[in-house]
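Chain residues, written in single-letter form:
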Amino acid sequence: MNHVETALFRASLISPKVQASLPKGYVLRPLQSGDYERGFLDVLKVLTEVGDHTKAQWLERFNYLKQHSHEYFTIVIVEEAKNKVVAAGSVIVERKFVHLNGLVGHIEDIAVDANQQGKKFGIKIIEALKYIGENTGCYKVILDCSEKNIPFYEKCGFSHKEYEMVWRP
Ligand code: ACO
């Protein structure tokens, strides 16, 4: 059977500048349905507990995001020779009433493979997500992070504003 891979969203939202800045052999692109086999979920393990997804559980979530591809933008950097995901990140575009039906981008789940950190993949993921935010019409892009990561996000052009609160049921 011929499995055709689906991309999460249109490739025209991938920053040509970031793409051109990657080392040879690495590609930036939207998340694809076959990234389950390329270790996308393993890369997320640097963030928190991920869970042991079956392929069906992966596709359930992927297909939901795909049906909302005007709101969910997950990108990856892939090392082509190894066919492995080395870095990932998402921006979710929220539709507001304020600012005359304004759009706000929320950056989430920035993850660089533990063996590939410190090679500028993180900053390139953020630059690529900012490009998506700008090109989908967001008037601002925001994120929550630990104190430890503040210097990283400052290098990515973000500045401190307000505090995160959490409630767990
Ligand atoms: N403290 C100080 N500076 C830092 C830090 C840090 N924790 N992390 C990176 N930097 C600096 C680098 O030194 C570099 O500076 P330079 O340009 O002057 O040389 C610059 O930031 C860019 O660094 P990158 O090489 O792009 O960083 P990397 O690829 O390692 O990605 C990241 C950074 C995403 C934090 C990565 O280390 C990682 O995956 N960490 C574990 C998961 C995590 O904490 N993710 C972020 C969660 S918050 C969120 O998702 C919204």
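Looking up the protein in an unreviewed UniProt entry gives the name Glucosamine 6-phosphate N-acetyltransferase, with the organism given as Umbelopsis ramanniana AG. Taken from UniProt, the Catalytic activity (unreviewed entry) comment for the protein reads in full: "D-glucosamine 6-phosphate + acetyl-CoA = N-acetyl-D-glucosamine 6-phosphate + CoA + H(+)". As stated in UniProt under Pathway (unreviewed entry), the record for the protein gives "Nucleotide-sugar biosynthesis; UDP-N-acetyl-alpha-D-glucosamine biosynthesis; N-acetyl-alpha-D-glucosamine 1-phosphate from alpha-D-glucosamine 6-phosphate (route I): step 1/2."

A few words on helix H5 (residues 121-135). Given a rise of 1.5 Å per residue, 15 residues ought to cover 21 Å, and the 21 Å separating the end C-alpha atoms of H5 matches this to within 8%. Residues of H5 that are buried include every one of Phe121, Gly122, Lys124, Ile125, Ile126, Ala128, Leu129, Ile132 and Gly133, and no others. A positive phi of about 95 degrees marks glycine 137, the residue just after H5.

Quick look at the site of the ligand now. Residues in contact with the ligand amount to 22 residues; listed here are only the nearest, Ile110, Gly118, Lys120, Gly122 and Asn149. Within the backbone of lysine 119, an N or O atom sits 3.4 Å from an oxygen atom of the ligand. Within the side chain of lysine 155, a nitrogen or oxygen atom sits 3.0 Å from an oxygen atom of the ligand. In isolation the ligand has 980 Å² of accessible area, and contact with the protein removes 74% of it. For the shell around the ligand, the secondary-structure elements that each account for two or more residues are strand S4 (103-112), H5 and helix H6 (150-155). Here the shell around the ligand takes 6 residues from S4, the largest share from any one element. Looking at the shell around the ligand, its residues break down into 11 nonpolar, 4 polar and 7 charged.

Criteria and thresholds
Each chain has its residues counted from 1, running along the sequence as written. Residue-level local features of this predicted model are given only where pLDDT is at least 70; pairs of side-chain atoms are given and counted only at 80 or more, and the full residue set underlies all totals for whole chains, interfaces and linings. Hydrogens are left out, water is left out, and the side-chain values use all remaining heavy atoms of the structure. UniProt positions are given in the numbering used here, feature names are shortened, and annotations may be inferred rather than shown by experiment. Only DSSP runs of H or I covering at least 4 residues are called helices, and only runs of E covering at least 2 are called strands; the numbering of each starts at the N terminus. A helix's residues, less one, multiplied by 1.5 Å, set its expected span. Think of it in three bands: with a 1.4 Å probe and only protein chains considered, a residue is buried below 20% of the maximum accessible area for its type, exposed above 50%, and partly exposed in between. In these notes, residues near a molecule or strand are those with any non-hydrogen atom within 4 Å of it. Identification of polar contacts relies on pairs of N or O atoms within 3.5 Å, with a donor-acceptor requirement for protein atoms, meaning one able to donate a hydrogen and the other able to accept it, and with residues adjacent in sequence counted only if both atoms are side-chain atoms. Here the open area of atoms and residues is found with the Shrake-Rupley method and a 1.4 Å probe, where only the protein chains shown may cover a residue. Side-chain classes are defined by residue name, with Ala, Val, Leu, Ile, Met, Phe, Trp, Tyr, Cys and Pro counting as nonpolar, Asp, Glu, Lys and Arg as charged, and the others, Gly among them, as polar.

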